[in-house]
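Breakdown of the fold
These are the residues of each chain, in order.
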Amino acid sequence: YLGENLSTSGDGLNFPKGTWKPASEYVNSCTLPPGKKHTIKTPASCKNKWNTLKAGYHHVVHIKNASGLTWSDTDGVGVSSETQHVWDEIVKVSTPPYLIVCSDIFFQVRPAAKPYGNKGFPHFAVI
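These numbers were taken from a predicted model, which means no experiment stands behind them. All residue numbers refer to positions counted from 1 along the written sequence of the respective chain. Per-residue local features of the predicted model are confined to residues with pLDDT of at least 70, and side-chain atom pairs are confined, for both listing and counting, to 80 or more; whole-chain, interface and lining totals are unaffected and use all residues. The side-chain numbers reported here are obtained from all heavy atoms of the structure, hydrogens and water having been left aside.

**A closer look at helix α2 (residues 43–65)**
Strands are runs of DSSP state E lasting at least two residues, helices are runs of H or I lasting at least four, and both sets are numbered from the N terminus onward. A helix's residues, less one, multiplied by 1.5 Å, set its expected span. Given a rise of 1.5 Å per residue, 23 residues ought to cover 33 Å, and the 33 Å separating the end C-alpha atoms of α2 matches this to within 8%. Within α2 the residues assigned to the buried category are Cys46, Trp50, Lys54, Gly56, Tyr57, His59, Val60, His62 and Ile63. Partly exposed residues are those whose accessible area sits between 20% and 50% of the maximum for their type, while under 20% is buried and over 50% is exposed, using a 1.4 Å probe and protein chains only.

Below, the structure written as structure tokens:
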């Protein structure tokens, strides 16, 4: 549903408030595979899920732009012994300033990006 209405989201991928009720109705009308439980989705839960996916997208964009790191939608960064020190600096929890230098590379600290060290983000191309 959101993909079909992406043009209403604007440059910041922020959908108008009126998007979430029809989005929740769409999700609730979908048939799940056998054995999967269906939890009723509210407009608020759809908006929260979108915001979580959008945050993941922005983390991946940052990772893709960081020097010294590679990215795979399947395997994420693919942290290796050679890149572990850079990855540790990117995901460390710290206080401001968030822009740091590691091995002459400038990047922003993003603790919430930690799950993408060896796990991809399959929704990247869709978002």
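Having seen the model, we can carry on.
**Observations regarding the confidence of the model for the chain**
Residue-level confidence of the predictor is what pLDDT reports, using numbers from 0 through 100. Looking at the chain, pLDDT values average 81 and 84% of them are 70 or higher. Mean pLDDT across the secondary structure elements of the chain bottoms out at strand β1 (residues 99–102), with 46, and peaks at helix α1 (residues 20–29), with 95. By definition, residues are in contact when any of their heavy atoms lie within 4.5 Å. Here residues 94–106 is a poorly scored stretch, pLDDT under 50, and it has 19 contacts once near neighbours within four places are set aside; other chains count.

**Structural notes on the state of the cysteines**
Only a pair of cysteine sulfur atoms within 2.5 Å counts as a disulfide in this structure description. According to the stated counting rule, one finds zero disulfides in the structure shown. Of the cysteine sulfurs around Cys30, a residue in no disulfide, the closest is that of Cys46, at 10.0 Å. Residue class for Cys30 comes out partly exposed when judged on its relative accessible area of 33%.

**Re the side chain of Lys54**
Structurally, Lys54 is set in helix α2. Here the positive residues are Lys and Arg and the negative ones are Asp and Glu; neither His nor the chain ends is included. Salt bridges, as used here, are contacts in which a Lys or Arg side-chain nitrogen is within 4 Å of a carboxyl oxygen on Asp or Glu. Here Lys54 is buried and forms no salt bridge, its nearest opposite-charge partner Asp11 lying at an N-O distance of 12 Å. Setting aside anything within four residues of it in sequence, one finds Lys54 in contact with Gly12, Leu13 and Asn14.

**Structural notes on the nonpolar core**
Soluble globular proteins tend to bury their nonpolar side chains together. The term nonpolar core refers to a set of buried residues drawn from Ala, Val, Leu, Ile, Met, Phe, Trp, Tyr and Cys, joined through side-chain atoms within 4.5 Å. Core analysis: the biggest nonpolar cluster contains 24 residues, and Ile63, Leu69, Trp87 and Phe121 have the highest contact counts within it. If you list the elements that add at least two residues to this core, you get α1, α2 and α3 (84–91). For this core, the leading source of residues is α2, giving five residues. With sequence-adjacent residues up to four places away left out, Ile63 is seen in contact with Leu69, Trp71, Val77, Trp87, Ala113 and Tyr116.

**Some remarks on the environment of Glu82**
Within the secondary structure, Glu82 sits in the loop between α2 and α3. Judged by its relative accessible area of 59%, Glu82 falls in the exposed class. For Glu82 and Leu69, which are 13 residues apart along the polypeptide, the C-alpha to C-alpha distance reads 9.9 Å. Pairs of N or O atoms are called polar contacts if they sit within 3.5 Å, as long as, within protein, a hydrogen donor faces a hydrogen acceptor (for residues adjacent in sequence, only side-chain-to-side-chain pairs). One polar contact links Glu82 to Ser80, side chain to side chain, over a distance of 3.0 Å.

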